[in-house]
Amino acid sequence: MITVTNARKNYGSFAALDDVSIDIPSGSLTALLGPSGSGKSTLLRSIAGLEGLDSGTVTIKGRDVTHEPPQRRGIGFVFQHYAAFKHMTVRDNVAFGLTIRKKPKAETDRKVDELLEIVGLEGFRNRYPAQLSGGQRQRMALARALAVDPQVLLLDEPFGALDAKVRTDLRQWLRRLHDEVHVTTVLVTHDQEEALDVADRIAVLNKGQIEQVGDPVTLYERPANDFVMGFLGSVAHFGDQLVRPHDIVLERDRATALALDAKVAGSPGVVEAVVERVVPLGFEVRIDLRADSGARFAAQITRRDAAALQLREGETIHARAVARSSVVDVDPALAI
Ligand SMILES: Nc1ncnc2c1ncn2[C@@H]1O[C@H](COP(=O)(O)OP(=O)(O)OP(=O)(O)O)[C@@H](O)[C@H]1O
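- Where an unreviewed UniProt entry is consulted, the protein appears under the name Sulfate/molybdate ABC transporter ATP-binding protein, with the organism given as Terrabacter terrigena.

Take a look at the structure:
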């Protein structure tokens, strides 16, 4: 378990961490998710010891490491742009931590072979970093961080500089790697899809504070507030509430819409809206709508439902919301 308690970090008068407390369970893969400048990297670097806190404490496995230097915290760290030793082979880069600890060569070789296999770089041991792709370099960085058997693996946007396809492949690979080695991992990302995809717990940060911590399903389905809801997926302003576009149901018939809506406690009601655009998105179809009040919102429905409704642009439809769990109240000024 990593425990951060009442962490504060100021840069001048700016609070990068404003009284942050979080428990990160052993063996979990926890994502620190938030917009740029929310304090994710500062929190990660504080856990690593690369940043000193103004106040508060960090413990790793029950040991207070607040005043310990990074090398005494039992951590492995991977950055977005990994600084590999260019003149060293992949083998020597991965072995680095073991070599400086003067481990016997046979033990080092065995460990490096095992790690290169885990990260899928067995055939690359004699190459130099310049002869690797970006994704391969980041995998080498992970192998290097894991070589010294860290208690904690800290990853700061490790796939941030890679293209979308490689990024998606690598995050699925990271999930499998984590299932294999179980090292407590903290991943900084600003990408909600990445966090939902790989993490078993997500902490959402905003302006130096933690808004909510939980598993991906809880955060998505039961966001604590509209910031978390908006950050974890698209939202529509519906009545006086925020809902997910796929939680809006469209009915051609007003009486049906009203009857079905009456069964939902606390519903924002039925909104009459004009279909402005029908946008096919593959499996789903997005319907851009304009309410009587002039407010615009979008519903997302399956192709099959869209085909059954046969919506035409310019016609009037009746919209209602379902899935009460993922509805949060919004500021009345934003309501439609
Ligand atoms: N060394 C520093 N000196 C002054 N301000 C800093 C320093 N490091 C970070 N900050 C500020 O602290 C805030 C939090 O930075 P941090 O890097 O933790 O954010 P982040 O959530 O990781 O953002 P990003 O996704 O853009 O990296 C930012 O507003 C940043 O400008």
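1. Focus: the overall build of the protein
- Within the protein one finds ten helices and 18 strands.
- Dimensions of the protein along its principal axes, counting C-alpha atoms only, are 80 × 45 × 30 Å.
- The 336 residues of the protein split such that 48% are buried.
- Accessible area of the protein: about 15,800 Å², with a carbon and sulfur share of 50%.
- Of the charged side chains in the protein, 42 are positive and 45 negative, and the gap between their average positions amounts to 6 Å.

2. Regarding the site of the ligand
- Y11, F14, A16, P35, S36, G37, S38, G39, K40, S41 and T42 make up every residue found near the ligand.
- At 2.6 Å, a side-chain N or O of S36 approaches an oxygen atom of the ligand.
- A distance of 2.5 Å separates an oxygen atom of the ligand from a polar side-chain atom of T42.
- Looking at the shell around the ligand, the elements with two or more residues in it are β2 (14-24) and α1 (40-48).
- Counting residues per element, the shell around the ligand draws most heavily on α1, which supplies three residues.

3. Here we look at the nonpolar core
- If you look at the biggest cluster of nonpolar residues, it comprises 42 residues, and the most contacted ones within it are V94 and I202.
- In terms of residue count, helix α4 (residues 134-146) provides more of this core than any other element does, six residues in total.
- Beyond its immediate chain neighbours, meaning those up to four positions away, I202 contacts A31, L33, A195, L196, Q212, V213, G214, P216 and L219.
- Core analysis: the next-biggest nonpolar cluster, separate from the first, contains 23 residues, A7, V20, L43 and L205 among them.

4. Notes on the packing of aromatic side chains
- Scanning all chains against the criterion turns up four aromatic pairs.
- Ring plane angle 35° and centroid distance 4.4 Å describe the contact between F77 and F79, whose orientation is recorded as tilted.

5. Focus: a negative patch on the surface
- Together, E114, E117, E122 and E180 make up a negatively charged patch on the protein surface.
- E114 gets classed as partly exposed once you look at its relative accessible area, which sits at 40%.

6. A look at the sheet that holds strand β7 (residues 152-156)
- Read from one edge of the open sheet, six strands run β6-β7-β8-β3-β9-β10, paired in mixed fashion. Only two strands of the sheet have a single neighbouring strand rather than two, namely β6 (75-78) and β10 (209-214). Going from strand to strand, the sheet's axes swing by 15° on average, the running direction of each strand aside.
- Bridging between strand β9 (residues 201-206) and β10 involves five bridges; their strand directions are antiparallel. The residue bridging I202 from the neighbouring strand is G214, located in β10.
- Along the sheet, α1 contacts β3 (29-33), β6, β7, β8 (184-189) and β9; its crossing angle with β7, the most-contacted strand, is approximately 150°.
- With respect to the sheet, helix α5 (residues 164-181) is in contact with β3, β7 and β8, its orientation differing from that of β3 by roughly 140°.

7. Quick word on the pattern of salt bridges
- Applying the stated criterion to the full structure yields 23 salt bridges.
- The shortest N-O distance in the salt bridge between D109 and K105 comes to 2.7 Å. In this pair, D109 and K105 both sit in helix α3 (residues 105-118), four residues apart, roughly one turn of the helix.
- For D109, a relative accessible area of 18% corresponds to the buried category.
- One salt-bridge network, held together by shared partners, links R91, D92, K105 and D109.

8. Focus on the sheet that holds strand β14 (residues 271-280)
- Ordered by their spatial adjacency, five strands build an open sheet running β13-β17-β14-β15-β16, and the pairing between neighbours is antiparallel. Strands at the two margins of the open sheet, each flanked by one partner only, are β13 (248-251) and β16 (296-302). Adjacent strand axes in the sheet meet at a mean angle of 45°, parallel and antiparallel pairs treated alike.
- Looking at chain direction, β14 and strand β17 (residues 316-321) are connected through four bridges and run antiparallel. Its bridge partner lying in β17, V271 is registered against A319.
- Along the sheet, helix α9 (residues 254-261) contacts β13, β14 and β17; its crossing angle with β17, the most-contacted strand, is approximately 5°.

Calculation notes
Residues numbered from 1 in each chain as written. Predicted model: local features only at pLDDT ≥ 70, side-chain atom pairs only at ≥ 80, totals over all residues. Heavy atoms only, no water. Helix = DSSP H or I, 4+ residues; strand = E, 2+ residues; numbered from the N terminus. Buried < 20%, exposed > 50% of the residue type's maximum accessible area, 1.4 Å probe, protein only. Areas by Shrake-Rupley, 256 points an atom, 1.4 Å probe, with all protein chains shown as cover. Lys, Arg positive; Asp, Glu negative; His and termini not counted. Charge placed at Lys NZ, Arg CZ, Asp CG, Glu CD. Near = heavy atom within 4 Å. Polar contact = N/O pair within 3.5 Å; in protein donor to acceptor, adjacent residues only side chain to side chain. Core = buried A, V, L, I, M, F, W, Y, C linked by side-chain atoms within 4.5 Å. Contact = heavy atoms within 4.5 Å. Phe/Tyr/Trp six-rings, centres within 6.5 Å; stacked < 30°, edge-to-face > 60°. Patch = residues over 30% accessible without salt bridge, like charges linked within 9 Å, V, L, I, M, F, W, Y side chains within 5 Å. Salt bridge = Lys/Arg side-chain N within 4 Å of Asp/Glu carboxyl O. Pairing = 2+ DSSP bridges. Axes fitted to C-alpha atoms, helices over the stretch in contact; angles between N-to-C directions.

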